[in-house]
Amino acid sequence: MSAPRIERIQAETPELSRLIALSDAYMGGLYPAESNHLESVRALLGPQAWMLGVWSAGELIGCGAVKILHDDGEYGEIKRVFVLDGHRGKGISKAIMQALESHLLGLGIRVARLETGVKQPEAIGLYRRLGYRERGVFGRYQPDPLSLFMEKTLG
């Protein structure tokens, strides 16, 4: 079997809609609606964003995106990193994060930020291993006891 491939997603497809619906359901099972800060696919396919998909054996098994923001300094906000359950633990999320960070560096953006939930220890562990550190709220977020805000200086 060939290695999963990561490519930019530029249009909404039924396969992407299905993956995002699974992500929404997963997050909805962990957090109340007011603590879910889920970005729409439309926003992540817009001009200030860059979305990636991961394919294995012709199936979309993961995704991630980054939005370029200027509301609290210039930074890229990592959004929607999600991998199907049967493909977790294989380094796919790490590869998505690295591709998103490389994209930001290519644009000259040196700060990556993200918001994640406190009930996701695997995600938090990955972000910490990749060099993300906890910080206070940023951008348009409000304090939330179920949210963890993180940042990394790139390069």
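A short tour of the structure in this document, coming up.

About the criteria used
Residues numbered from 1 in each chain as written. Predicted model: local features only at pLDDT ≥ 70, side-chain atom pairs only at ≥ 80, totals over all residues. Heavy atoms only, no water. Helix = DSSP H or I, 4+ residues; strand = E, 2+ residues; numbered from the N terminus. Rg over C-alpha atoms; globule rule 2.2 N^0.38 Å. Buried < 20%, exposed > 50% of the residue type's maximum accessible area, 1.4 Å probe, protein only. Areas by Shrake-Rupley, 256 points an atom, 1.4 Å probe, with all protein chains shown as cover.

Below, the discussion takes up the overall build of the chain. If you tally the helices and strands in the chain, you get four helices and seven strands. Its helices and strands in sequence order give the chain the pattern β-α-α-β-β-β-α-β-α-β-β, from N to C terminus. Whereas a compact globule of 155 residues would reach a radius of gyration of roughly 15 Å, the chain reaches 15 Å, a difference of no more than 12%. Projected onto the principal axes, the alpha-carbon positions of the chain cover approximately 40 × 35 × 30 Å. Taking all 155 residues of the chain together, the buried fraction comes to 46%. With an accessible surface of roughly 8,000 Å², the chain has 51% of that area assigned to carbon and sulfur atoms.

Another aspect to go through is unusual backbone geometry. Of all residues except glycine, most have a negative phi; of all peptide bonds, most are trans. Phi at A57 takes a positive value of approximately 50°, unusual for a residue other than glycine. Structurally, A57 is set in the loop between β2 (49-56) and β3 (59-69). Even without being glycine, R80 reaches a positive phi, approximately 55°. By secondary structure assignment, the location of R80 is in strand β4 (residues 75-83).

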